[in-house]
Amino acid sequence: MKIRRPRLPRTRRGQRRLVRAVMAVCVLALLPATWLYVSTADRLRTTADVPRTDVAVVFGAGLWDGEPSPYLAHRLDAAAKLYRAGRIKVVLVTGDNSRKDYDEPDAMRTYLRKHGVPDDRIVSDYAGFDTWDSCVRAKKIFGVDRAVLISQGFHIRRAVALCEAAGVDSYGIGVAAKHDATWYYGGTREVFAAGKAALDAVFHPDPTFLGPKEPGVARALAAGR
């Protein structure tokens, strides 16, 4: 079977229509990303100037041989730093535990404990399968109304926008990251993920798994008083 190549319009009028159509598609594709930048402009902070908040949420970012990937380790380092400085009281680690041989939250907990965060100040969300799921579960399952979100710079705006849409008053810290292949992949992926984020913010779909409410955050806060 021969595949026919698309024919470009030969007339100037047709070519102008094609250019306009391509430009319209580009504009529509960039609208979600623009929304993320505009809606989170005043919500980004650093570990030095973020408001004191009871809870920090750290999003999973993959494991290497059962240990946090370098990107995830940077996020956890920032959370540990905030805890040691007294700027947060509890860390909610949210990630993927969809199979027995892959457990992001427990790996994150172990790392935080090694870096000075007491075990009773760490709460695990084992069903944070994507950013929207993590934000909805933080609000509905763990009762988080206000939080500091920690991720890489290319992801933090989407995290803040989605948690705000889920009802969590959020500030975001975008930790530094080496500009390697993973960084460029993440930045490119965010352009496409912005579209899904916009749909999630508008339609509020149920997360993959919701389940019953968990008292972990409230219990951890009570233990810290």
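A brief report on the enclosed structure follows.

Definitions and cut-offs
Residues numbered from 1 in each chain as written. Predicted model: local features only at pLDDT ≥ 70, side-chain atom pairs only at ≥ 80, totals over all residues. Heavy atoms only, no water. Disulfide = S-S within 2.5 Å. Helix = DSSP H or I, 4+ residues; strand = E, 2+ residues; numbered from the N terminus. Buried < 20%, exposed > 50% of the residue type's maximum accessible area, 1.4 Å probe, protein only. Salt bridge = Lys/Arg side-chain N within 4 Å of Asp/Glu carboxyl O.

Moving on, we get to the state of the cysteines. Under the counting rule described, the total for this entry stands at one disulfide. Between Cys 135 and Cys 163 runs a disulfide, and the two sulfur atoms are separated by 2.2 Å. Handedness here is read from the sign of the S-S torsion; for Cys 135 and Cys 163, about -85°, the answer is left-handed. Highlighted residues: Cys 135 in helix 4 (residues 131-140) and Cys 163 in helix 5 (residues 153-165), separated in sequence by 28 residues. Exposure remark for Cys 135: the relative accessible area of 0% places this residue in the buried category.

Our focus in this paragraph is the pattern of salt bridges. A side chain with one charge can pair with a side chain of the opposite charge if their charged atoms come near. The tally for this structure, following the rule as stated, stands at twelve salt bridges. Here Asp 54 makes a salt bridge to Lys 89, at a shortest N to O gap of 3.5 Å. Here Asp 54 is found in the loop between strand 1 (44-45) and strand 2 (55-59), whereas its partner Lys 89 is found in the loop between helix 2 (70-84) and strand 5 (90-94), with 35 residues between them in sequence. A residue is classified by how much of its surface remains accessible, and Lys 89, at 39% relative accessible area, is partly exposed. The partner of Lys 196 in a salt bridge is Asp 130, with the nearest N and O atoms 3.4 Å apart. With Lys 196 in helix 6 (residues 181-203) and Asp 130 in the loop between strand 6 (122-125) and helix 4, this pair connects stretches of sequence that are 66 residues apart. Among the charged side chains, a network of salt bridges with common partners joins Arg 43, Arg 146, Glu 164 and Asp 169.

Take it as geometry only, folks, not as evidence of what the structure does.
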